Amino acid sequence: MSTAPLSRPLDRTAAPYTGYTREHWIEILTRLAAGILPHVDRQTGIPALPGDPAETALAAQLVNPGGPAEALERTMMIMALYMHVTGRTTVEGFDGDIAELYRRGIATNLDHARRTTERRRRFIGTGGTISMLIAGERLYEPLDDQTKRGVNEELARFVDRGCNESNLLLFSMMPAPLLDRLGVAYNRERLDGYFDRILSMYRGDGWFIDGWNRQFDHYNYWGFQFYLHALMVYDERWRNRYAGRIREITAAHEATVPFWYGRDGGPIAKGRSLNYRFATLSGLAMAQRSGLNGMAPGQARRISSGCLKYFWEHGCQNENGLLSIGYHGSNAAVGEDYTDTGAPYWAATGLTALLLPADHPFWTAPEQPIPADTPGVKRCAVRGAQMVLKVDGDRGEARAIVGGEPFLHRSIWQAGSKYFRHAFSSSLGCALAGDLGPELAAGRTGLSADGSRWACRTWPRVVAMDERGLRDEWDAWTSLEGLTGTIVTETRILDRGEVHVFWHTDPQPRWLRVGGWAIRLGHGEDGPQEATLDGACIVRSAEMESILQPLAGSPDGSIAVERLRQRKGFRHAHLFGGWSAWPVWTSDGPVAAGVKVAVYVDAARRDGGPGVGRCPQAIRPFAE
């Protein structure tokens, strides 16, 4: 699973860690633009982006698809960047003018908006706004007066729409600098209030909680950080008022960002909308552009080029020339009920570093290492986001061990896999069943009244944490009726793996279980398991291995390996593609309240670096 290699050779002199220079970025941008254009209707200017014909289940369950407007807006960002960076409106192999084609799309979409009373699918929003801010001289100024008036009206309407308490407030704020530039009246006072409401979501250490959604995830990167700095770049009034606060928040945020990426450039895979891929870079890029950054330009480029390279080399551009729904390649199991074929093009925001001129220090300063580039283990407690980040430089892996996740968005598919696991990794991915799939035990504790129906870790809350461990708890009744009590987990974070000690407080004896790390299996691979003399179970694939080891003092239990194949309508059952497998410990019978179970878990790739660890003897009394 890989995208065609770039024509430009790697430059290890200018970029010793990644080999990528600004020219590599421009080549990727050009290929993405060239891949889109064959799918744009010449008459209407509207992209029709085909999905994977083998991935039928996602499309059948979409509740809030983006449709033609989203496909137009988000691909328009690619075209705006391309025109801005190259100064051209043509791409080799396409016999048309890009700007003219997308202006036609604007007019077509505007006409559709006028002829329908159903405005749930907006004509234009943040993608179109950003595109016009970047390349307005080609996308807006040549429009006829009637079309311009229509665009202005739609932008003003978008600003005035109602939206819930989340990063969506930033969507409504983004058109403000464009409306100011165009001389269009709008409700500025309302948007000033939005800015203060966004800042009220700040929780410390550079992290925001996403309003009513409550989650901590990549929306801090491609939502809060990106928009806040974009507003600092394009809106002088807000910059004069908020620049100091944004600089302070960003300094704290960028102190933790280097712990979020593995040596290969892969980010820790946590949360929804992962098919946005390298959009995680957008906040770094805009912070460099606003000048309110807290990270040295050389390290920002090391992270950014590494992440872009990671997704490019793992097949983000499919055989149709498009960014597919998926993570590496096409993989609809990663989707949500809003993930239409235009959705992956939010990745375009991750390319906004190209707005920085060629002589900017981001491009000229030497790449600086990140924690994953150097040997040994480094830790970072991020109390604002209720997690501990750990980077193993010997493995080249980054992990997030999560204590609290008050995520409230009940409609998100596979929230258990994306939010409620004890830990997340840059190099291991996760098991995914896709929409309406079963709850997965991988990486989660569980409680059952009968040993058959299980409540798995849901909405945990942190009790205490430091760089070496954390204590969290969750209520079983939140995921399964008929249960009471709380499941408490103390996690000790070792250099290799984690020890989980957990117990329940239900007045009745209950079955307990815990799942280990899920690993990727190739299609058709069975993932053999091995029992060791110290009671551990190791499950292996060609790429990875995972260990689960019950520790002394735990009640009697059994270990099995759960395997997950793709469900009908999906290609895969793992974030990286293929099938999944993980070890699970289950008590042999009901366990009384307060009786502690202690297990050691770890997983690793098998392509270099240390394999799975073993639990040190010194940790065993921790279960007592």
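Counting of residues starts from 1 at the beginning of each chain's written sequence and follows it residue by residue. For a predicted model such as this one, the threshold for reporting local features is a pLDDT of at least 70, and the threshold for listing and counting side-chain atom pairs is 80 or more; totals across whole chains, interfaces and linings nevertheless cover every residue. Derived side-chain values reflect all non-hydrogen atoms in the structure, with water molecules and hydrogen atoms excluded from consideration.

Attention now moves to the overall build of the protein chain. Across its full length, the protein chain carries 15 helices and 20 strands. With the principal axes as the frame, the protein chain shows a C-alpha extent of 75 × 55 × 50 Å. Relative accessibility under 20% of the residue-type maximum defines a buried residue, over 50% an exposed one, and the middle range a partly exposed one, all with a 1.4 Å probe and only protein chains included. Looking at the protein chain residue by residue over its 624 residues, the buried ones come to 64%. Across the protein chain, contacts joining residues at least 24 apart in sequence account for 71% of those joining residues at least 6 apart. Carbon and sulfur atoms make up 49% of the accessible area of the protein chain, which amounts to about 21600 Å² in all. Only four residue types enter the tally: Lys and Arg on the positive side, Asp and Glu on the negative side, with His and both chain ends excluded. Just so you know, the charge point we use is NZ for Lys, CZ for Arg, CG for Asp and CD for Glu. Side-chain charges in the protein chain split into 70 positive and 71 negative, and the spacing between the mean points of these groups amounts to 1 Å. Numbering of helices and strands starts at the N terminus; helices are DSSP runs of H or I of at least 4 residues and strands are runs of E of at least 2. Residues are treated as being in contact if the distance between any of their heavy atoms lies within 4.5 Å. For accessible areas, the Shrake-Rupley method is used with a probe of radius 1.4 Å. Any residue's cover is judged against the shown protein chains and nothing else.

Any two strands between which DSSP finds at least two bridges are classified as paired. The eight strands are arranged S9-S10-S11-S12-S20-S17-S16-S15 in an open sheet whose pairing can be described as antiparallel. Looking at which strands have only one partner, the edges of the open sheet turn out to be strand S9 (461–466) and strand S15 (529–531). Averaged over all pairs of adjacent strands, the angle between strand axes in this sheet comes to 15°, irrespective of strand direction. As a rule, the C-alpha atoms of each element are fitted with a line to give its axis, helices using only the stretch in contact, and angles between N-to-C directions run from 0 to 180 degrees.

It is at 8 Å that the axes of helix H3 (residues 67–86) and helix H5 (residues 126–139) come closest, and there the two elements cross at 30°. In this structure, H3 crosses over H5, and the sense of that crossing is left-handed. Facing Glu 73, Met 76, Met 77, Ala 80, Leu 81, Met 83 and His 84 of H3, the residues of H5 in contact are Thr 126, Gly 127, Gly 128, Ile 130, Ser 131, Ile 134, Ala 135, Arg 138 and Leu 139. Along the lines of polarity and charge, the residues of the contact of H3 with H5 split into nine nonpolar, five polar and two charged. Take the far helix as the reference: if the near one is turned anticlockwise from it by less than a right angle, the crossing is left-handed, and if turned clockwise, right-handed. Only Asp, Glu, Lys and Arg are considered charged, only Ala, Val, Leu, Ile, Met, Phe, Trp, Tyr, Cys and Pro nonpolar, and every remaining residue, Gly among them, polar.

Aromatic ring pairs are reported here in terms of the distance separating the ring centres and the angle at which the planes meet. Classification of ring pairs rests on two measures: the distance between centres of Phe, Tyr or Trp rings, Trp counted by its six-membered ring, which must be within 6.5 Å, and the angle between planes, read as stacked under 30 degrees, edge-to-face over 60 and tilted in between. A full pass over the atoms with the stated rule returns 20 aromatic pairs. Centre to centre, the rings of Tyr 219 and Trp 222 are 5.8 Å apart; their planes meet at 75°, and the pair counts as edge-to-face. One end of the pair, Tyr 219, and the other, Trp 222, are both in helix H10 (residues 219–234), three residues apart, so they sit about a helical turn from each other. For the pair Tyr 219 and Trp 222, one class covers both residues: buried. Taken together, a centroid distance of 6.2 Å and an interplanar angle of 85° make the contact between Phe 226 and Trp 346 edge-to-face. In this pair, Phe 226 sits in helix H10 while Trp 346 sits in the loop between helix H13 (297–313) and helix H14 (361–364), placing the two residues 120 residues apart along the sequence. Under the relative-accessibility criterion, Trp 346 is labelled buried at 5%. Site record: aromatic cluster; members linked through ring pairs are Phe 171, Phe 226, Tyr 227 and Trp 346.

The next subject is the side chain of Gln 288. Here Gln 288 shows up in helix H12 (residues 282–290). A residue is classified by how much of its surface remains accessible, and Gln 288, at 5% relative accessible area, is buried. Contact partners of Gln 288, with chain neighbours within four places excluded, come to Asn 293, Met 295, Ala 296, Pro 297, Ala 300, Leu 356, His 360 and Phe 362.

Before going further, it helps to spend a moment on H12. Within H12, eight of the nine residues are buried, which leaves it mostly tucked inside the rest of the structure. Listed as buried for H12 are Ser 282, Gly 283, Leu 284, Ala 285, Met 286, Ala 287, Gln 288 and Ser 290. Where H12 is buried, its residues meet H10, helix H11 (236–256), H13 and H14. Positive backbone phi, at 80°, marks Gly 291, one or two positions downstream of H12.

Right, let's get into helix H8 (residues 175–182). Of all the positions in H8, only Pro 175, Ala 176, Pro 177, Leu 178 and Leu 179 are classed as buried. Contact partners of the buried residues in H8: H5, helix H6 (145–159), helix H7 (168–173), helix H9 (188–199), H10 and H11. Of the residues flanking the end of H8, it is Gly 183, one or two places downstream, whose phi is positive at about 75°.

We now examine the pairing of strand S10 (residues 469–475). Most of S10 is tucked away: five of the seven residues are buried. Bridge count between S9 and S10: five bridges; the pairing is antiparallel. Residue pairing for S10: Met 465 is matched across the bridge by Leu 470. Hairpin remark: S9 followed by S10, antiparallel, with two residues in the connecting loop. Alignment of S10 against strand S11 (residues 486–493), held across seven bridges, turns out to be antiparallel. Along S11, the bridge assignment pairs Trp 474 with Ile 487.

The next subject is the pattern of salt bridges. A pairing counts as a salt bridge when a side-chain nitrogen of Lys or Arg comes within 4 Å of a carboxyl oxygen of Asp or Glu. Summed over all chains, the structure comprises 40 salt bridges. Residues Arg 496 and Asp 392 are paired through a salt bridge, measuring 2.6 Å at the closest nitrogen-oxygen approach. Highlighted residues: Arg 496 in the loop between S11 and strand S12 (498–504) and Asp 392 in strand S4 (residues 387–392), separated in sequence by 104 residues. Looking at Asp 392, the relative accessible area reads 2%, which means it is buried. Here Asp 607 ties to Arg 605 by a salt bridge, and the two come within 3.3 Å at their closest N and O atoms. Classification of Asp 607 as exposed rests on a relative accessible area of 56%. Judged by its relative accessible area of 24%, Arg 605 falls in the partly exposed class. Three or more residues joined by partner-sharing salt bridges are found here, namely Asp 392, Asp 394, Arg 395, Glu 397, Arg 399, Arg 496, Glu 498 and Asp 602.

Our working definition of a disulfide is a cysteine sulfur pair at a distance within 2.5 Å. The full count for this structure, using the stated rule, is zero disulfides. Just so you know, Cys 307 is unpaired, no disulfide at all, and the nearest cysteine sulfur is the one on Cys 316, 10.0 Å from it.

Right, let's get into the nonpolar core. Counting 182 residues, the largest nonpolar core has Tyr 102, Phe 195 and Phe 278 as its most contacted members. With near-sequence residues (within four places) excluded, Phe 278 lies in contact with Leu 32, Cys 307, Leu 308, Phe 311, Cys 316, Ala 347, Gly 350 and Leu 351. Here, nonpolar core means buried Ala, Val, Leu, Ile, Met, Phe, Trp, Tyr and Cys residues that are tied together by side-chain atoms lying within 4.5 Å of each other. Counting 14 residues, the second largest nonpolar core, distinct from the first, contains Leu 494, Ala 536, Ala 598 and Val 612.

Attention now moves to the environment of Asp 196. Structurally, the position occupied by Asp 196 is in helix H9. Asp 196 gets classed as partly exposed once you look at its relative accessible area, which sits at 37%. A C-alpha to C-alpha distance of 9.7 Å links Asp 196 and Tyr 242, two positions 46 residues apart in sequence. Ignoring anything within four residues of it in the chain, the contact list for Asp 196 reads Arg 241 and Tyr 242.

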